[in-house]
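Breakdown of the fold
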Amino acid sequence: MNGDSQIPARSAFFSESFRRRTRYQLVFLLLVAALAVITVLNINTGSVAIPVGEIFRILTRRATDSAQYSIIWKIRLPRIAMAALLGGGLSLSGFLLQTFFGNPIAGPFVLGISSGAKMMVALTMIYFLKFFSRVSSWALIVAAFAGSLMAVGFILLLSRRLKHMAVLLVAGIMIGYICSAVTDFVVTFAEDSDIVNLRGWSLGSFSGMSWENVGVAAAVVGLTAIAAFMMAKPIGAYQLGEAYAQSMGVNIRAFRVALIVASSLLSATVTAFAGPISFVGIAVPHLVKRALNTSRPLVVIPAVFLGGAVFCMGCDLIARVAFAPTELNISTVTSVFGAPVVIAMMLRQRKGR
């Protein structure tokens, strides 16, 4: 009798497990398909339209002597690669911060982390360009990382006094405003011709990327993303509460430091190369978790990275073509699509109370 009663339970378990796996596979399939389509659209679209057949010939190195080859390999592909890498990194940074603070609205832009990184990069660029002709990518990343950690440090100090998460988020926004004010002040009085691109960078853009930039970003973002994926098991335990994580053998202090360092490094890399980009770190993790219907880090981390890449590549395409030949700042487009998602999240939380 006991054995007979267990058969329906086992059947229901395997049925639910099959549905879950099928959903995961479908979401990943859609993300990969979207990534492929948006990549082709980004290569094809611009002031010089390139036919799809010609794109494939150039990508397979069958046509290397045309102007279109230079456009694709020297201008469009580096930009596309950076949009994918930095978009994925920014989304993953948001997911790690949301795990750390236990709040779905926490993100590098909202908490002022991106603004802190932006301020330090602006100061570094202005200082170094007085003495050198260029600033290395590594110097910008280190400066942005220092700015990110500075902003996070202030937030963590405030968290000891401000126990309510909503107040802490407001404090993070205020830190962001202060850092942005300092950056704007510096940029306003930086008239040197060597830093003419600083104004455009301070508003966010993927333009002007090179393969050297792609290599540096791939090394930093790739290694950090792998490290985050390796932390998937303790992240899953931490999502169930600190007490549970400790009972599973997680060193809470070291784990929290690792989360902050990884999220700060990811957001710093994005800011160093593309400037501050808003709402991606909040909106994409939420949309991906809703699509997957799970918060399991082993599934969510790669999906969030892919989702961020697709989102930023799509927004970059819109920024380039919506009002061509004028190009919009990437943050303008990500705000248009990301802000409604954040508002919907807040309304949903309100109704759930």
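Our subject is the structure listed above.
These notes cover the structure that comes with them.

Quick notes on the rules
Residues numbered from 1 in each chain as written. Predicted model: local features only at pLDDT ≥ 70, side-chain atom pairs only at ≥ 80, totals over all residues. Heavy atoms only, no water. Helix = DSSP H or I, 4+ residues; strand = E, 2+ residues; numbered from the N terminus. Buried < 20%, exposed > 50% of the residue type's maximum accessible area, 1.4 Å probe, protein only. Contact = heavy atoms within 4.5 Å. Areas by Shrake-Rupley, 256 points an atom, 1.4 Å probe, with all protein chains shown as cover. Salt bridge = Lys/Arg side-chain N within 4 Å of Asp/Glu carboxyl O. Phe/Tyr/Trp six-rings, centres within 6.5 Å; stacked < 30°, edge-to-face > 60°. Lys NZ or Arg CZ within 6 Å of the ring centre and 35° of its normal. Axes fitted to C-alpha atoms, helices over the stretch in contact; angles between N-to-C directions. Parallel < 35°, antiparallel > 145°, perpendicular 65-115°, else oblique. Left-handed = near helix turned anticlockwise from the far one by under 90°. Nonpolar A, V, L, I, M, F, W, Y, C, P; charged D, E, K, R; others polar.

**Comments concerning the overall build of the protein chain**
A count of helices and strands for the protein chain gives 14 helices and 0 strands. Listing each helix as α and each strand as β along the protein chain from the N terminus yields α-α-α-α-α-α-α-α-α-α-α-α-α-α. Counting only residues that meet the buried cut, the protein chain has 48% of its 353 residues in that class. Intrachain contacts of the protein chain at a sequence separation of at least 6 include 75% that bridge at least 24 residues. Carbon and sulfur atoms make up 66% of the accessible area of the protein chain, which amounts to about 17800 Å² in all.

**Quick word on the pattern of salt bridges**
Two side chains that carry opposite charge are able to pair once their charged atoms sit near each other. Under the criterion given, the structure shown has 3 salt bridges. Of the charged contacts, one joins Asp 316 and Arg 79 as a salt bridge, the two residues approaching to 2.8 Å between their closest N and O atoms. One end of the pair, Asp 316, is in helix H13 (residues 297-321); the other, Arg 79, is in helix H3 (residues 67-101), with 237 residues separating them in the sequence. Each of the two residues, Asp 316 as well as Arg 79, counts as buried. The shortest N-O distance in the salt bridge between Glu 242 and Arg 256 comes to 3.3 Å. Here Arg 256 lies in helix H11 (residues 252-274) and Glu 242 lies in helix H10 (residues 242-247), a separation of 14 residues in the sequence. The partly exposed category is assigned to Glu 242, whose relative accessible area is 38%. Accessibility expressed as a relative area gives 27% for Arg 256, which makes it partly exposed. Bridged by salt links that share partners, the residues Arg 79, Asp 316 and Glu 327 form one connected network.

**Considering the side chain of His 286**
Inspection of the secondary structure puts His 286 in helix H12 (residues 280-292). Judged by its relative accessible area of 19%, His 286 falls in the buried class. Ignoring sequence-local partners within four residues, the contact set of His 286 consists of Val 341 and Met 345.

**Things to note about the packing of aromatic side chains**
Under the defined criterion, the tally for this structure stands at 5 aromatic pairs. Note on Trp 73 and Trp 211: the rings are 6.2 Å apart at their centroids and 40° apart in plane angle, and the pair reads as tilted. Remark: Trp 211 occurs in helix H8 (residues 211-230) and Trp 73 occurs in helix H3; sequence separation between them is 138 residues. Ring centres of Tyr 238 and Phe 255 lie 5.1 Å apart, and the angle between their planes is 50°; this geometry places the pair in the tilted category. Here Tyr 238 is found in helix H9 (residues 232-239), whereas its partner Phe 255 is found in helix H11, with 17 residues between them in sequence. Comparing Tyr 238 with Phe 255 shows no difference in burial state: the two are buried. An aromatic cluster is defined as three or more aromatic residues linked by ring pairs; in this entry it consists of Tyr 69, Trp 73 and Trp 211. Over the ring of Phe 100 we find Arg 256, and its NZ or CZ is 4.3 Å from the ring centre.

**Description of unusual backbone geometry**
A positive phi is found at Phe 279, a non-glycine position, where the angle reads about 70°. In this structure, Phe 279 sits in the loop between H11 and H12. Since its relative accessible area comes to 22%, Phe 279 is described here as partly exposed. Phi is positive for Asn 293, which is not a glycine, with a value near 60°. Counting through the fold element by element, Asn 293 comes out in the loop between H12 and H13. When its relative accessible area of 59% is taken as the criterion, Asn 293 is described as exposed.

**Thoughts on the packing of H12 against H13**
Running from amino to carboxyl end, H12 crosses H13 at an angle of 125°, the nearest separation of the two axes being 9 Å. Comparing the axis directions of H12 and H13 gives the class oblique. Regarding H12 and H13, the two cross each other, and that crossing is right-handed. Between H12 and H13, the residues in contact are Val 280, Val 284, Pro 285, Val 288, Lys 289 and Leu 292 and Val 299, Val 300, Ala 303, Val 304, Gly 307, Gly 308, Phe 311 and Cys 312, respectively. Here the residues of the contact of H12 with H13 sort into 11 nonpolar, 2 polar and 1 charged.

**Topic: the side chain of Ser 180**
Residue placement: Ser 180 occurs in helix H6 (residues 165-188). The residues contacting Ser 180, other than those within four sequence positions of it, are Ser 115 and Lys 118.

**Concerning the packing of helix H5 (residues 137-161) against H11**
In contact at an axis separation of 8 Å, H5 and H11 are set at 130° when each is read in the N-to-C sense. By the angle class used here, H5 and H11 are oblique. In the packing of H5 onto H11, the handedness of the crossing is right-handed. Facing Ser 137, Leu 140, Ile 141, Ala 144, Phe 145, Ser 148, Leu 149 and Val 152 of H5, the residues of H11 in contact are Ile 260, Val 261, Ser 264, Leu 265, Ser 267, Ala 268, Thr 269, Ala 272 and Phe 273. In terms of residue class, the contact of H5 with H11 is built from 12 nonpolar, 5 polar and no charged.

Remember, this is a structural readout, not a statement about activity or role.
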